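The residues making up each chain are set out below.
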Amino acid sequence: MIQMFHVSKAYSREAYALQDINLKIAKGDFVFVTGPSGAGKTTLLKLIFCEESVTSGQLLVDGRNIARIRASRIPYLRRQIGVVFQDFKLIPTMTVSENVALAMEVVGVYGRKAKRRIAAIVNAVGLGHKMHALPLQLSAGEQQRVAIARALVNDPKILLADEPTGNLDPELTIEIMDLLNFINAKGTTILVASHNKKLVETSGKLVIRLKNGHLEN
Amino acid sequence: MLRRLVHHFIRAVASLKKAMFINLITVATITIALLLLAGYLLLLNNLNHWINVSQQRFTIKAFVHDDVVEKKLGEIAGKIRSYSNVRDAKVLDKNQAKDIFIDRHPDFLDIIEGLNENPFQASILIRVENDSADSVKQIATKVEKIAGVESVDYGERWLERYLAFRGTVKMGSYLLASLIIIACIFLVSNTIRLNIFTRRAEIEIYKLVGGTKIFIATPFVIEGAALGLCGAALAIAMLFVFFKLTLLGMNRESIHMMSSLTFYFLNNTGILLLLAVGVVSGTVGSILSLHRFLRI
């Protein structure tokens, strides 16, 4: 599903965020990307959904070489990749259902079909009773679940999560991890960037360790 | 495609409603900017009218030979009336010319009465149409060629100076109007840019979930155009109220003194121009702001 061949990312001649990364993530895998701050975890994820461009090397996502992707094709790639962030990235003036609906609008799904799908996904993340609540009316864990619902509403092949439990307490962290496991069990490939050692070690999942932009394992 | 466009309109309207306060401030700022242009266009419109009024006072005087009889005089006047751009051609015979001179210069009465012959020439007073200022020369040249007409007087030197002055004023006023329009477009564009800047997080999220540039930009452009149009409409309405109040506020005496001047509100062209400037500014502002945020 995701393959990197000698991928490097540099912001300047001396500043390499990632160097010579080689990895393979199969369809349906659940992988943690871990390492200290500045190791390159977030950069790795950003390369996959094209928020950053590869400096050198080949990066294949679902068989397509996105190191050479045209800017006009990036939105279409992103529709197949769900992304979840540490700060949730919800629009504060939109309700739960409106925030989730964003992802459906971009693929041209509106009206009753969209409403049915949104209701199903919001229920699946346990927020069916809060469809019309604004983000400020939700707890941090609930906001993260809304972000996950938005990331999943178009049935993406890949889900990327950048420190999804970074702002959450241990109980909410377990909640979110349970949800991610549930999603993975349905066949979605999941890549989670996290510096939470305990979470990574107790998860029993595949782990990619980064240090100073290099793969440790 | 149509369904998507309708959806963009719905999204634009929903966004306008949600950020009502900010949008009202944006509209107010646009209104103030466009009031400047509207006021100037009002002045320009009235200036054009007053110039046209003064053009109506162009009179060509065609002096006829002494041996032209009354019947022939009437025929010449009739021929001149048939020319295009001629409003009227009035015959002034020798006696009428003498009476007018004595009216204007009563001191010369004894001298004139003492003459054996009437020294004044019969003439035809020709009035031209509103837009005939430039064709005055043409008409004068044509009239000069009519048999029986001795000479034609149309204040040639004054006319040339007037035409030059009018040309300069018109060119200067259009140039100033263009500069004000450009300034308004910048002002309104920057106001819209600030508005969009407050929603940059929303734009980022649309990019992350796979929104194309056109998908993200369209509702914002619609909003920008709508805000610009509202600002322009409000500017026109405010100017109209101010215009009416000003006319009402002029006291009787000053109205009598200025009785030869009529004040006009903006014509249709001016109103359409203002609305167009509003829409264009709002659209340009949206596009310029989004360009910065839509670099994927």
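Residues numbered from 1 in each chain as written. Chains lettered and ligands numbered in written order. Predicted model: local features only at pLDDT ≥ 70, side-chain atom pairs only at ≥ 80, totals over all residues. Heavy atoms only, no water.

Chemist: Can you help me understand the confidence of the model for chain B in this one?
Modeler: Note that predicted coordinates carrying low pLDDT should not be read in detail. Residues at a pLDDT of 70 or more form 91% of chain B, whose mean pLDDT is 83. Within chain B, helix H9 (residues 213–249) of chain B carries the highest mean pLDDT (91), whereas helix H10 (residues 252–257) of chain B carries the lowest (52). (pLDDT = per-residue confidence, 0-100. Helix = DSSP H or I, 4+ residues; strand = E, 2+ residues; numbered from the N terminus.)

Chemist: Would you explain the interface of chain B and chain A in this entry?
Modeler: Interfaces are often sized by the accessible area lost when the parts come together. Counting residues at the interface gives 16 residues for chain B, matched by 23 residues for chain A. Where chain B abuts chain A, roughly 1,800 Å² becomes buried across the two surfaces, and 63% of that area is made up of carbon and sulfur atoms. One can count 0 salt bridges joining chain B with chain A. Put simply, chain B and chain A have 5 residue pairs in polar contact (both at pLDDT 80 or more) between them. Among the elements of the structure, helix H1 (2–18) and helix H8 (200–208) of chain B are those that each provide at least two residues to the side of chain B that touches chain A. (Contact = heavy atoms within 4.5 Å. Buried area = accessible area lost by both parts, 1.4 Å probe. Salt bridge = Lys/Arg side-chain N within 4 Å of Asp/Glu carboxyl O. Polar contact = N/O pair within 3.5 Å; in protein donor to acceptor, adjacent residues only side chain to side chain.)

Chemist: Whenever I open this one, the sheet that holds strand S4 (residues 149–153) of chain B confuses me. Can you help?
Modeler: Where strands meet in a sheet, backbone hydrogen bonds hold them as pairs that are either parallel or antiparallel. Residue and element names in this part refer to chain B. Within the open sheet, the 4 strands sit side by side as S2-S3-S1-S4. Their pairing is antiparallel. Edge positions in the open sheet fall to strand S2 (86–92) and S4, since each of these has one partner strand only. In this sheet, adjacent strand axes meet at a mean angle of 20 degrees when their direction is disregarded. Running at roughly 170 degrees to S2, helix H3 (residues 70–81) makes contact with strand S1 (59–64), S2, strand S3 (123–128) and S4 of the sheet. The strands touched by helix H6 (residues 136–144) are S1, S2, S3 and S4; relative to S4, the strand with the most contacts, the crossing angle is about 165 degrees. (Pairing = 2+ DSSP bridges. Axes fitted to C-alpha atoms, helices over the stretch in contact; angles between N-to-C directions.)

Chemist: Please clarify how the pattern of salt bridges should be interpreted in this entry.
Modeler: Pairing is possible between side chains that carry opposite charge, provided their charged atoms lie close to one another. In total, this model carries 11 salt bridges over all chains according to the counting rule given. A cluster of three or more residues bridged by salt bridges with shared partners is formed by Arg199(B), Glu202(B) and Glu223(B).

Chemist: Even after reading the chapter, I still don't get the confidence of the model for chain A, so can you show me in this structure?
Modeler: For chain A, the mean per-residue pLDDT works out to 90, and 100% of the residues sit at or above 70. Considering each helix and strand of chain A separately, the mean pLDDT is smallest for helix H7 (residues 197–203) of chain A, with a value of 86, and largest for strand S8 (residues 189–193) of chain A, with 94.

Chemist: Is there a simple way to think about helix H4 (residues 111–124) of chain A in this case?
Modeler: Owing to its 3.6 residues per turn, the α-helix brings residues three or four apart onto one side. Residues and elements named next belong to chain A. For H4, which comprises 14 residues, the first-to-last C-alpha distance of 20 Å matches the rise-based estimate of 20 Å (1.5 Å per residue) to within 8%. Every buried residue of H4 is listed here: Ala 114, Ile 118, Ile 121 and Val 122. Considered in projection along H4, the buried side chains sweep an arc of 95 degrees and stay on one side of the axis. H4 presents Arg 112, Lys 113 and Arg 116 as exposed residues on the side facing more than 90 degrees away from its buried surface. Where H4 is buried, its residues meet helix H3 (96–105) and helix H5 (140–152). Residue Gly 126 follows H4 closely and has a positive phi angle near 80 degrees. (Expected span 1.5 Å × (residues − 1). Buried < 20%, exposed > 50% of the residue type's maximum accessible area, 1.4 Å probe, protein only. Arc of directions from axis to C-beta.)

Chemist: Is there a simple way to explain the packing of helix H7 (residues 156–197) of chain B against helix H11 (residues 268–293) of chain B in this structure?
Modeler: Packed helices, taken two at a time, are described by their axes: the angle between them and the distance between them. Residue and element names in this part refer to chain B. Relative to each other, H7 and H11 sit at 45 degrees, their axes nearing to 7 Å. The orientation of H7 with respect to H11, classified from their angle, is oblique. Seen along the crossing, H7 lies across H11 with a hand that is right-handed. Along the lines of polarity and charge, the residues of the contact of H7 with H11 split into 14 nonpolar, 6 polar and 2 charged. (Parallel < 35°, antiparallel > 145°, perpendicular 65-115°, else oblique. Left-handed = near helix turned anticlockwise from the far one by under 90°. Nonpolar A, V, L, I, M, F, W, Y, C, P; charged D, E, K, R; others polar.)

Chemist: Is there a simple way to think about a nonpolar patch on the surface in this case?
Modeler: Residues and elements named next belong to chain B. A surface patch of nonpolar side chains, about 500 Å² in accessible area, is lined by Leu 2, Leu 5, Val 6, Phe 9 and Ile 10. Here Leu 5 lies in helix H1. Taking relative accessible area as the criterion, Leu 5 reaches 41% and is therefore assigned partly exposed. (Patch = residues over 30% accessible without salt bridge, like charges linked within 9 Å, V, L, I, M, F, W, Y side chains within 5 Å. Areas by Shrake-Rupley, 256 points an atom, 1.4 Å probe, with all protein chains shown as cover.)

Chemist: What's the story with the packing of aromatic side chains in this structure? I'm lost.
Modeler: A ring pair, where both rings are aromatic, is described by two values, the distance of the centres and the angle of the planes. Scanning the model with the defined rule gives 7 aromatic pairs over all chains in all. Ring geometry for Phe30(A) and Phe32(A): centres 5.6 Å apart, planes at 35 degrees, overall tilted. No difference in accessibility class separates Phe30(A) from Phe32(A), as the two residues are buried. For the pair Tyr206(B) and Phe215(B), a centre-to-centre distance of 5.9 Å together with 55 degrees between the ring planes defines the contact as tilted. Looking at Tyr206(B), the relative accessible area reads 0%, which means it is buried. (Phe/Tyr/Trp six-rings, centres within 6.5 Å; stacked < 30°, edge-to-face > 60°.)

Chemist: I would appreciate a short explanation of the domain arrangement of chain B in the present structure.
Modeler: What the domain assignment lists for chain B is domain 1 (2–54 + 163–293) and domain 2 (59–153). For domain 1 of chain B versus domain 2 of chain B, the distance between C-alpha centres works out to 52 Å. (Domains from an automatic or database assignment.)

Chemist: Any chance you could explain the environment of Val106(A) here in plain terms?
Modeler: For Val106(A), the location among the structural elements is in the loop between H3 and H4. Under the relative-accessibility criterion, Val106(A) is labelled buried at 0%. For the pair Val106(A) and Gly128(A), spaced 22 residues apart in the sequence, the C-alpha separation amounts to 23 Å. Ignoring anything within four residues of it in the chain, the contact list for Val106(A) reads Arg79(A), Arg4(B), Tyr206(B), Val209(B), Gly210(B), Gly211(B) and Phe215(B).

Chemist: Where do I start with the nonpolar core in this structure?
Modeler: Counting residues in each nonpolar core, the largest one holds 83 residues, and the members touching the most others are Ile118(A), Leu180(A), Leu34(B) and Leu37(B). Once residues within four sequence positions are removed from consideration, Leu37(B) is found in contact with Ala177(B), Ile180(B), Ile181(B), Cys184(B), Leu274(B) and Val277(B). Of all hydrophobic cores here, the second largest spans 33 residues; its members include Ile25(A), Leu44(A), Leu59(A) and Ile66(A). (Core = buried A, V, L, I, M, F, W, Y, C linked by side-chain atoms within 4.5 Å.)

Chemist: I would appreciate a short explanation of the packing of H8(B) against H9(B) in the present structure.
Modeler: Residue and element names in this part refer to chain B. Across the interface, H8 lies against H9 with an axial gap of 10 Å and an inter-helix angle of 150 degrees. By the angle between their axes, H8 is roughly antiparallel relative to H9. Between H8, through Glu 202, Ile 203, Tyr 206 and Lys 207, and H9, the contact on the second element is made entirely by Phe 215, Ile 216 and Phe 220. Looking at the contact of H8 with H9, its residues break down into 5 nonpolar, no polar and 2 charged.

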